[in-house]
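# Analysis of the macromolecular model
Listed below, chain by chain, are the residues.
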Amino acid sequence: QVQLVESGGGLVQPGGSLRLSCVGSGTIFGLYDMGWYRQAPGKERELVASISYSGSTNYADSVKGRFTISRTNAKKTIYLQMNSLKPEDTALYYCNRFPPSTNYWGQGTQVTVSS
């Protein structure tokens, strides 16, 4: 069974940057396509970015050019580098497989963008 633990969130001013990390356990982490998701208060959870096991990436239109997803399979870790953050990026951020698996949702990490 794979467990995923997110970290790196925090409070940042508009225009600032954060780097989120997601560490996975389990022997087949490197074979999964993975994604970062977010859920803002009162909104549905949405896909932010995805990365295939080989490193191909896709992004939501709202974050293109500002966020970068990457992975290090040897460390069973995926990252989300977030630059030029906006107040509308405020949300609880999760990692999961792509498409997501119900069994793999973790606690998430809170990102708050505010002056």
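Residues numbered from 1 in each chain as written. Predicted model: local features only at pLDDT ≥ 70, side-chain atom pairs only at ≥ 80, totals over all residues. Heavy atoms only, no water.

Below, the discussion takes up the overall build of the chain. When helices and strands are tallied, the chain shows zero helices and 10 strands. Seen in sequence order, the chain has helices and strands lined up from the N terminus as β-β-β-β-β-β-β-β-β-β. Computed over its C-alpha atoms, the radius of gyration of the chain comes to 13 Å, within 12% of the 13 Å expected for a compact globule of 115 residues. When the backbone C-alpha atoms are referred to their principal axes, the chain occupies close to 40 × 25 × 20 Å. Across the 115 residues of the chain, 41% fall into the buried class. Contacts in the chain between residues far apart in sequence, at least 24 positions, make up 54% of those at least 6 positions apart. For the chain, the computed accessible surface area is about 6,200 Å², with 47% contributed by carbon and sulfur atoms. Distance from the positive charge centre (11 side chains) to the negative charge centre (7 side chains) of the chain: 7 Å. (Helix = DSSP H or I, 4+ residues; strand = E, 2+ residues; numbered from the N terminus. Rg over C-alpha atoms; globule rule 2.2 N^0.38 Å. Buried < 20%, exposed > 50% of the residue type's maximum accessible area, 1.4 Å probe, protein only. Contact = heavy atoms within 4.5 Å. Areas by Shrake-Rupley, 256 points an atom, 1.4 Å probe, with all protein chains shown as cover. Lys, Arg positive; Asp, Glu negative; His and termini not counted. Charge placed at Lys NZ, Arg CZ, Asp CG, Glu CD.)

Let's shift gears to the packing of aromatic side chains. The final tally for this structure, using the stated rule, is three aromatic pairs. Ring plane angle 35° and centroid distance 6.1 Å describe the contact between Tyr 32 and Tyr 104, whose orientation is recorded as tilted. One end of the pair, Tyr 32, is in the loop between strand E3 (18-24) and strand E4 (34-39); the other, Tyr 104, is in the loop between strand E9 (91-97) and strand E10 (109-113), with 72 residues separating them in the sequence. In this structure Tyr 104 comes out as buried when scored by relative accessible area, which is 12%. The interplanar angle of 80° and the centroid separation of 5.6 Å between the aromatic rings of Tyr 94 and Trp 105 together place this pair among those described as edge-to-face. Of this pair, Tyr 94 sits in strand E9 while Trp 105 sits in the loop between E9 and E10, and the two are 11 residues apart along the sequence. Exposure remark for Tyr 94: the relative accessible area of 10% places this residue in the buried category. Put simply, the rings of Tyr 37, Tyr 94 and Trp 105 pair up and form one aromatic cluster. Cation over ring: Arg 19 sits above Tyr 79, and NZ or CZ is 4.0 Å from the ring centre. Between the NZ or CZ atom of Arg 45 and the centre of the ring of Trp 105, over which it lies, the distance is 3.6 Å. (Phe/Tyr/Trp six-rings, centres within 6.5 Å; stacked < 30°, edge-to-face > 60°. Lys NZ or Arg CZ within 6 Å of the ring centre and 35° of its normal.)

Counting residues in hydrophobic clusters, the biggest one holds 26 residues, and the most contacted among them are Trp 36, Val 48, Phe 67, Leu 80, Met 82 and Tyr 93. Elements with a contribution of two residues or more to this core: E3, E4, strand E5 (46-51), strand E7 (67-72), strand E8 (77-82), E9 and E10. Excluding anything up to four places from it in sequence, Met 82 contacts Gly 16, Ser 17, Leu 18, Leu 20, Arg 66, Phe 67, Tyr 93 and Val 111. (Core = buried A, V, L, I, M, F, W, Y, C linked by side-chain atoms within 4.5 Å.)

Quick look at the sheet that holds E10 now. If you trace the six strands from one edge of the open sheet to the other, you get E2-E10-E9-E4-E5-E6, paired in mixed fashion. Where the open sheet ends on each side, the last strands, each with one partner, are strand E2 (10-12) and strand E6 (57-59). Recorded for the sheet is a direction-independent mean angle of 25° between the axes of neighbouring strands. (Pairing = 2+ DSSP bridges. Axes fitted to C-alpha atoms, helices over the stretch in contact; angles between N-to-C directions.)

What follows concerns the state of the cysteines. All chains considered together, the criterion is met by one disulfide. For Cys 22, the disulfide goes to Cys 95, at an S-S distance of 1.9 Å. For the disulfide bridge between Cys 22 and Cys 95, the dihedral angle about the S-S bond is near 55°, and by the sign convention the bridge is right-handed. With Cys 22 in strand E3 and Cys 95 in strand E9, this residue pair connects regions lying 73 residues apart in the sequence. Assessed through its relative accessible area of 0%, Cys 22 is described here as buried. By relative accessible area, Cys 95 is classed as buried at 0%. (Disulfide = S-S within 2.5 Å.)

These results come straight from atomic positions and should not be treated as a statement about function.
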